[in-house]
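Chain residues, written in single-letter form:
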Amino acid sequence: MKYNKKTECVEMSVAELCTASFSKVEYSKNDLDNTAISEVEKSTEGYIKNLPVAKKFSFEAFDIKLYGTVDGYFEKRDGVRVDFVKSVSHREFSGKIDEGYWAYLKCCAWLICVRDGLQVVYVRTVFRSAQSSEFKIAEKKFYLDELDVFVKALLPKMKFLIQQNVKHETLVRPSALDLTFPYEEIRDGQEEMMRGVASVIRKRRRMFAQAPTGIGKTISALYPSVRAFGKGECDKIFYFTAKSDTAREAYTAASKLFAVGAKLKAIVLTSKDSMCCSETAKKGGCRDARYCNERDCKLKKRYKDKAGAAVEELVSKQNGFYASVITEVALKHEVCPYELSLDLSELCDIIICDYNYLFDPYVRIKRYFENSENSDDYVFLIDEAHNLVDRARGIYSASVSL
Ligand code: SF4
């Protein structure tokens, strides 16, 4: 979601609107999904795939532009069909269809009805089994009135996020534009490094910096990145570290920037193991899906209903977030601290975390680094990058026990 300052309009995708209420569904498309869409296209006359749809409307004091992509659209004699096509596992293929898929379809169907002046529309979930390549199609019929009520009912849950997005562009970003350097003196080498960082962000290139200990590399990387954020040259700054003490240094550098007027938000992400507070998970480890699920962990039950208030409390309280404060608020609201830290990170501009969150394919934060439409606007600051060699060797090596 983004507030467009020029048009004074909040641009929100259908996926964002649905994710706020239906967390389990992955709306982005991968290669297998695209193959499935092409196969449906080949077998259906008049099929239009990947159709973009959008509609502007008012919600309270805000102008909203809701946009999405309809995987497939075609007309039959009795009416228009709108498809959501997905390649799914055998379990999902044979199980009940998640409400999140219907929610996405209802929003897209509403956009189509409004665009084409339709009173009724049919929506279809088209699942292709990743194992057998079989297709399973389920269809429902909706009237414009009920779709209208459905979409409008999802919006109040987005109100806080909408407000934060407007604030982000009108208050937070401008605060970084003319930010002064947070120390009295600029040490030897710092100016050169800062110029280099500013230049590569502007040109969207890479830079390797080698500098002696003690010149203040952390602030020399962070300060120009924050200024670039102020100019709109990037949207999020990720600071990757190998150790917790360097993460703390990066957090301290961010705090110095807050002290000279930057209104950005920074978060230090900590591993799931160390943030997990579930008693049941302690027996089997929170990485085990037998314990880390809605049925067995009370902190995951009704997470989506409770997390919004926890995020609101944290965001209204302060600019910087460490595991301790996140855990305290998470337990007060009875939600999973780890999940909360990830949700909170979406409202943060500086994310400080371990290398694994980007480089390890199993641990990588999906919401940012897999099929994210915003990933071109991220700046990656990789601290002590020489450590990556050993880390990568560990990540990409396999072992077997005999
Ligand atoms: S949901 Fe959170 S608190 Fe519960 S087991 Fe999983 S990681 Fe632990």
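Residues numbered from 1 in each chain as written. Predicted model: local features only at pLDDT ≥ 70, side-chain atom pairs only at ≥ 80, totals over all residues.

### Points about the overall build of the protein chain
So, point 1. The number of helices and strands found in the protein chain is 17 helices and 12 strands.
So, point 2. For 402 residues, the compact-globule estimate of 2.2 N^0.38 gives 21 Å, and the protein chain sits close to it at 23 Å.
So, point 3. Out of the 402 residues belonging to the protein chain, those deemed buried represent 32%.
So, point 4. Considering only residue pairs separated by 6 or more positions, the protein chain has 71% of its internal contacts joining residues 24 or more positions apart. (Helix = DSSP H or I, 4+ residues; strand = E, 2+ residues; numbered from the N terminus. Rg over C-alpha atoms; globule rule 2.2 N^0.38 Å. Buried ≥ 20, exposed ≤ 12 C-beta atoms within 10 Å, placed from the backbone. Contact = placed C-beta atoms within 7 Å.)

### So, the environment of Ile219
So, point 1. Inspection of the secondary structure puts Ile219 in helix 8 (residues 217-230).
So, point 2. Each C-alpha atom of the pair Ile219 and Ala250 lies 7.7 Å from the other, and the pair is 31 residues apart in sequence.
So, point 3. Contact partners of Ile219, with chain neighbours within four places excluded, come to Pro182, Ala253 and Lys256.

### What to know about the domain arrangement of the protein chain
So, point 1. Split by domain assignment, the protein chain resolves into domain 1 (2-159) and domain 2 (176-395).
So, point 2. Its C-alpha centre places domain 1 at a distance of 32 Å from the equivalent point of domain 2. (Domains from an automatic or database assignment.)

### Brief notes about helix 8
So, point 1. Across its 14 residues, helix 8 extends 20 Å between first and last C-alpha, which sits within 8% of the 20 Å expected from 1.5 Å per residue.
So, point 2. What helix 8 keeps buried is the set Lys217, Ile219, Ser220, Ala221, Leu222, Tyr223, Pro224, Ser225, Val226, Arg227, Ala228 and Phe229.
So, point 3. Those residues of helix 8 that are buried lie in contact with helix 6 (159-177), helix 7 (190-203), strand 8 (236-241), helix 9 (244-259) and strand 12 (378-382).
So, point 4. The first or second residue beyond helix 8 is Gly232, which carries a positive phi of 85°. (Expected span 1.5 Å × (residues − 1).)

### Comments concerning helix 14 (residues 337-345)
So, point 1. A large share of helix 14 lies buried, amounting to eight of its nine residues.
So, point 2. Three or more residues of helix 14 are buried, namely Pro337, Tyr338, Glu339, Leu340, Ser341, Asp343, Leu344 and Ser345.
So, point 3. On its buried face, helix 14 is in contact with strand 9 (266-268), helix 10 (272-275), helix 12 (303-317), strand 10 (320-321), helix 13 (323-333) and strand 11 (350-354).

### Regarding the pairing of strand 3 (residues 48-59)
So, point 1. Relative to strand 4 (residues 62-76), strand 3 runs antiparallel, the two sharing 11 bridges. The residue bridging Phe59 from the neighbouring strand is Phe62, located in strand 4.
So, point 2. The turn linking strand 3 back onto strand 4 is made up of two residues, and Glu60 within it adopts a positive phi angle of 50°. (Pairing = 2+ DSSP bridges.)

### Here's the deal with the packing of helix 4 (residues 99-116) against helix 5 (residues 144-154)
So, point 1. At a closest axis distance of 9 Å, the pairing of helix 4 and helix 5 adopts a crossing angle of 125°. Put simply, helix 4 runs oblique to helix 5. Classified by chirality, the crossing of helix 5 by helix 4 is left-handed. Two secondary-structure elements touch here, helix 4 through Lys106, Cys107, Ala109, Trp110 and Cys113 and helix 5 through Leu144, Leu147, Asp148, Phe150 and Val151.
So, point 2. Tallied by class, the residues present in the contact of helix 4 with helix 5 amount to eight nonpolar, no polar and two charged. (Axes fitted to C-alpha atoms, helices over the stretch in contact; angles between N-to-C directions. Parallel < 35°, antiparallel > 145°, perpendicular 65-115°, else oblique. Left-handed = near helix turned anticlockwise from the far one by under 90°. Nonpolar A, V, L, I, M, F, W, Y, C, P; charged D, E, K, R; others polar.)

### Brief notes about unusual backbone geometry
Glycine aside, residues mostly have negative phi angles, and peptide bonds mostly take the trans form.
So, point 1. Of note in this structure, Glu334 is not a glycine but carries a positive phi near 55°.
So, point 2. Counting through the fold element by element, Glu334 comes out in the loop between helix 13 and helix 14.
So, point 3. Residues other than glycine seldom take positive phi values, yet Glu384 does so here, at roughly 45°.
So, point 4. Along the chain, the position of Glu384 falls in the loop between strand 12 and helix 17 (388-395).
So, point 5. With 13 C-beta atoms packed within 10 Å, Glu384 lands in the partly exposed category.

### Here's the deal with the sheet that holds strand 11
So, point 1. Here we have five strands laid out as an open sheet, ordered 10-9-11-8-12, and parallel in their pairing. In this open sheet, the two strands that pair with only one neighbour each are strand 10 and strand 12.

### Quick word on the nonpolar core
So, point 1. Judged by nonpolar contacts, the single largest core of 57 residues is most densely connected at Leu222, Val226, Ile237, Ile267, Leu344, Ile350 and Ile352.
So, point 2. Top element by residues in this core is helix 8. It accounts for seven residues.
So, point 3. With residues near it in sequence (within four places) discarded, Ile350 still touches Ile237, Tyr239, Ala254, Leu264 and Ala266.
So, point 4. Counting 40 residues, the second-largest nonpolar core is a separate cluster that includes Val10, Ile64, Cys108 and Val151. (Core = buried A, V, L, I, M, F, W, Y, C linked by C-beta atoms within 7 Å.)

### A look at the packing of helix 12 against helix 14
So, point 1. Interhelical geometry of helix 12 versus helix 14 gives an angle of 60° and a closest axis separation of 10 Å. Classed by the angle they form, the pair helix 12 and helix 14 counts as oblique. The element helix 12 and its partner helix 14 pack so that their crossing is right-handed. Together, Tyr303, Ala307, Ala310, Val311 and Leu314 of helix 12 and Glu339, Leu340, Asp343 and Leu344 of helix 14 make up the contact between the two elements.
So, point 2. Of the residues belonging to the contact of helix 12 with helix 14, the class tally is seven nonpolar, no polar and two charged.

### Quick word on the environment of Val120
So, point 1. Considering the arrangement of structural elements, one finds Val120 in strand 6 (residues 120-129).
So, point 2. Judged by the 15 C-beta atoms lying within 10 Å of it, Val120 is partly exposed.
So, point 3. With 26 residues separating them along the chain, Val120 and Glu146 place their C-alpha atoms 9.8 Å apart.
So, point 4. Setting aside anything within four residues of it in sequence, one finds Val120 in contact with Gly79, Lys141 and Tyr143.

### Describing the pairing of strand 6
So, point 1. The pairing of strand 5 (residues 79-88) with strand 6 spans eight bridges and is classified as parallel. Directly across from Lys86, in strand 6, lies its bridge partner Phe127.
So, point 2. Pairing of strand 6 with strand 7 (residues 135-143), which is carried by nine bridges, proceeds in the antiparallel orientation. Opposite Val126, over in strand 7, you have Ile137 as the bridge partner.
So, point 3. Linking strand 6 back to strand 7 in an antiparallel pair, the connection comprises five residues, with Ser133 at a positive phi of about 65°.

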